[in-house]
Amino acid sequence: MLESLLAAIRNMFAVPDLRKRVIFTLLMLLVYRAGIHIPVPGIDSAALAGLWQQVGGNLFGVLDLFSGGNLRRISVFALGIMPYITSSIILQLMTSVYPQLKKIQEEGELGRQKITRYTRYLTVLLCAVQGTGIAFWLQRQPNLVIGGGGVGFTFMAVLTMMAGTVFIMWIGEQITERGVGNGISLLIFAGIVIGLPRGIQQLAEKIKDPASAVFVIVLIVVMLLVTAGIVFFERGTRKVPTNHTRRMVGRQMVATQASHLPLKVNIAGVIPVIFASSVLAIPQTLSTFGQWAWLQKINGWLRGGHPVYELLFISGIILFAFFYVSIVFNPDEVAENMRKQGSFMPGIRPGKRTADFLHGILNRLTTVGALYLVVVCLIPQLMISGFQVQAIPYIGEALYSVISNIPGLSWILTGLGVSFYFGGTSLLIVVGVAMDLISQLEAQLVMRHYDGFLGARGGRLRGRRVGN
């Protein structure tokens, strides 16, 4: 396996055009990572490091995950690429409810350029709003802003972070056009993977303790199994068979070849998890701006492992999964396009019957996909922070007494006592982007008649015969 992988890498760098694209992508990612060392002017780095110990678990922690640690340091890239992703999602949702945007989207390449321009404008607006909020929040923290802040600091901080996000957006577009593709996804991927050495170091320190070594090994095995499950479900598709009506070619009636409509099991991707995590982190973020008794009580419920948090988290993932899928995939529109193209599904009448059939398949796939997202996100979280069964009404105390007295199961109440950098959301993003990247490189190699990552045999570069 290792020999095949090394052969595929050698093949990749043997193709001049592909080699240039890979090197260009690596250089752009290097520039992106260099931005973490350029802080926003007027910030006390030492005081900021102490402050982050208190706020790392709320929405700022979620945003820091996708910014690759830039928000933790309040660097020029502190806002990361999330404003652009949020703008893209908003525009995507608006095209379904605003007819004018729908018409623009259907204009082809010209319409796509207009939507892209609107997305950039909305990104700048979101950067201004988020940057202003962060600037005001920084000034409320004691001894954090050098010089006391004021209008000058707010303007400089907002302008710096806004320019940083626009530059990141440009880097992502350059990687998409001149690199290996999926520039925005690769930026998020790089930001998460950069924390891998930190996570390995934390696990290595825990393994030195014999009492924690067994639990760490169990955690690693579970993470490997979760990763394998992610690969299995992300590659899973439901192939709906389709046929085309016969057409006249000259004087003969020709029957076109049967095909299929591929529907992914997890159509929504990681979007429902991001939405659910962000919404539940909002109350904890608000507590950094002020101390209110009612908000502190809510934050007590919305901690990892609390039954209320877990219930809301599961419900949020399922709700956002169905909502997002209903936006990005319209069975009525697909059925109408099939009817216009002369396509049909065997045994299903074109039109409304086809739309109803697709709607039923979509509901089943979305249900399976949402449950898969719930399992992937809850397993690492429960193993790390545990589950507070004592907070369950009526039966919580009894369950706590039973579980705590069973040898080897007390970790269910408190977790394994280790912090692993890759949670469910991170694993979904990393594995998904890695699979897409390998598929794109594989397609480039096969197109040039070279063995790729999935079909490399032997250790030397050799051409394929066209037609094999």
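Just above, that's the structure.
Residues numbered from 1 in each chain as written. Predicted model: local features only at pLDDT ≥ 70, side-chain atom pairs only at ≥ 80, totals over all residues. Heavy atoms only, no water.

J.: How would you explain the overall build of the protein chain if you had to name every residue and give the values?
T.: Helices and strands together make up the secondary structure of the protein chain, namely 20 helices and five strands. Of all intrachain contacts in the protein chain linking residues separated by at least 6 positions in sequence, the fraction that spans at least 24 positions is 72%. Of the roughly 25100 Å² that the protein chain leaves accessible, carbon and sulfur atoms contribute 64%. (Helix = DSSP H or I, 4+ residues; strand = E, 2+ residues; numbered from the N terminus. Contact = heavy atoms within 4.5 Å. Areas by Shrake-Rupley, 256 points an atom, 1.4 Å probe, with all protein chains shown as cover.)

J.: Go over the packing of aromatic side chains, please, and point to the residues and values.
T.: Counted by the stated rule, this structure contains six aromatic pairs. A ring pair is formed by Tyr 32 and Phe 77, whose centres lie 6.0 Å apart and whose planes are at 15°; its orientation type is stacked. Of the two residues, Tyr 32 sits in helix H2 (residues 16-34) while Phe 77 sits in the loop between helix H5 (70-73) and helix H6 (82-97), which places them 45 residues apart along the sequence. A relative accessible area of 5% means that Phe 77 is categorised as buried. Plain terms: the ring middles of Phe 233 and Tyr 372 are 4.7 Å apart, the flat faces sit at 20° to each other, and that makes the pair stacked. Here the residue Phe 233 occupies a position in helix H12 (residues 210-234), and Tyr 372 occupies one in helix H17 (residues 352-385), the gap between them amounting to 139 residues. (Phe/Tyr/Trp six-rings, centres within 6.5 Å; stacked < 30°, edge-to-face > 60°. Buried < 20%, exposed > 50% of the residue type's maximum accessible area, 1.4 Å probe, protein only.)

J.: Go over the environment of Ile 81, please, and point to the residues and values.
T.: Here Ile 81 lies in the loop between H5 and H6. Along the backbone, Ile 81 and Ile 184 are 103 residues apart, and their C-alpha atoms lie at a distance of 7.4 Å. Contact partners of Ile 81, with chain neighbours within four places excluded, come to Ile 168, Met 169, Ile 184 and Ile 188.

J.: Explain a nonpolar patch on the surface residue by residue, including any values.
T.: A surface patch of nonpolar side chains, amounting to about 370 Å² of accessible area, comprises Phe 13, Ile 23, Leu 27 and Leu 30. Looking at which element gives the most residues to the nonpolar patch, the answer is H2, with three residues. With respect to the secondary-structure elements, Leu 27 resides in helix H2. Given the relative accessible area of 48%, Leu 27 is considered partly exposed. (Patch = residues over 30% accessible without salt bridge, like charges linked within 9 Å, V, L, I, M, F, W, Y side chains within 5 Å. Salt bridge = Lys/Arg side-chain N within 4 Å of Asp/Glu carboxyl O.)

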